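# A look at the structure
Below, each chain spelled out in residue letters.
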Amino acid sequence: MKVKFWGTRGSIPSPGKDTVKYGGNTTCMEIALKNNREIIIDAGTGIRLLGKEITSKGIKHLDLFLTHSHWDHIQGFPFFTPIFSKDFSLNIYGVSPTFERLLDILKGQMETIYFPVQFKHLAAEIRFKKIGNSGILIDNAKVNSIRTNHPLETHAFKFEENGKSFVFMSDNELDHPDIAKVPYKKHLDFVKGADILVHDAQYRKGEMSKCKGYGHSSWQKAVSFAKQAKVKKLYLTHHDPYRPDSEIDEIVGKANKISGDGLTVMGAIEGESFEV
Ligand SMILES: [Zn+2]
Ligand SMILES: [Zn+2]
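Rules and cut-offs
- Residues numbered from 1 in each chain as written.
- Chains lettered and ligands numbered in written order.
- Predicted model: local features only at pLDDT ≥ 70, side-chain atom pairs only at ≥ 80, totals over all residues.
- Helix = DSSP H or I, 4+ residues; strand = E, 2+ residues; numbered from the N terminus.
- Buried ≥ 20, exposed ≤ 12 C-beta atoms within 10 Å, placed from the backbone.
- Pairing = 2+ DSSP bridges.
- Axes fitted to C-alpha atoms, helices over the stretch in contact; angles between N-to-C directions.
- Contact = placed C-beta atoms within 7 Å.

## A few points about unusual backbone geometry
- Cis peptide bonds are those with omega within 30 degrees of zero, and the linkage from Ser96 to Pro97 qualifies with 0 degrees.
- Structurally, Pro97 is set in the loop between β5 (89–94) and α3 (102–108).
- The backbone of Ser11 sits at a positive phi, close to 75 degrees, despite the residue not being glycine.
- On the secondary structure map, Ser11 appears in the loop between β1 (2–7) and β2 (28–32).
- Residue Ser11 is classed as buried on the basis of its 20 C-beta neighbours within 10 Å.
- Despite not being glycine, Asp139 shows a phi value in the positive range, around 50 degrees.
- With respect to the helices and strands, Asp139 occurs in the loop between β7 (136–138) and β8 (141–147).
- Assessed through the 12 C-beta atoms surrounding it within 10 Å, Asp139 is described here as exposed.

Structure below.
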C-alpha cells in the first residue's frame, strides 16, 4: 500500500504562514493498493485537491471510507469534482449507527442554503455500503473497523494487504473514563503490531484538563499507546488549528525522545506519503 496525507488538520481549515509545513486542510488520506486501486479515508477539505489529481489520472472508481460526519471530515465532499462526472462511480463506506444517516448527512450539507448543487443532481453513480462486524475485502486488502472514543459515533479503520497493516485512528480520546465507549485494551488489541498507526494527537498533556471529553488525545497518550501496541511507526495527526508548525516540530522531537527503540514518531504532513 502507498498512503498519502491530503489533510492533517483537525476541527477547521487553518491556512496561514504558521501552518505551511504541516498543512491547513482537514482530514483526508489516500491509499493506493498494490494493484493501484484507490481508496480514500474521509472527505475533509484535503479531498478537494485529491479530486483534481484523481481526474487528471483518469481514475473512474473510488472507495471512500468515512470515520464520522463532523465537518472536518465531510466538508470537502461537495468540492470533490469527480462526483460531478457521469463516468465516475463512488462507493461510500460507513459503520452503524452513523451509516444509516450518511445519505441524509451528505444531502443535508448540499442543500441550497449551504451549496449551489444538490446531492440529487450529482452525475456520478454513488453507492452506500455498510461495514459489518467481520469487515470487508477490497480486492486483496482486508478492512476492519472499531469504534473510537469521540462524542459522535466514530470509527477507526485497519487496512491489511500482503501481510502489512496500517491503522487510521483519529478523533479518539484514549482512555477517558467518561466517554470511553470502548475499553483501552480493545483499542490496543485492534492496533497491536501494526506497521503504521496514524493517530489523533490534537493536544498536549497540559491542555487536556480544558479539553476533556472533546474526543481527542494528547500526543503523550498517543505515543504511549503506540508503544504498548508495539507499532513500528506512529504519525501524529489531527493537529490543533491553533498549533503552529514550530510547535508540531517540537512535539515530534520530544515524542521521539520518549518513544523508545522500536517506535519512530512522525508528524503527519499534508502532501507526504509513505509505503506500508
Ligand atoms: Zn475531527
Ligand atoms: Zn470529530
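There's plenty left to go through after this.
## Thoughts on the sheet that holds strand β13 (residues 264–267)
- Taken together, seven strands build an open sheet; the order of strands is β7-β8-β9-β10-β11-β12-β13 and the sheet is mixed. A strand with exactly one partner marks an edge of an open sheet, and here the two such strands are β7 and β13. Taken over all neighbouring pairs, the strand axes of this sheet differ in orientation by 20 degrees on average, direction set aside.
- Relative to strand β12 (residues 233–237), strand β11 (residues 196–200) runs parallel, the two sharing five bridges. Bridging from a neighbouring strand, Ile196 pairs with Lys233 of β12.
- Sheet strands in contact with helix α4 (residues 184–191) are β8, β9 (155–161), β10 (164–169) and β11, and its direction is about 170 degrees off that of β8.

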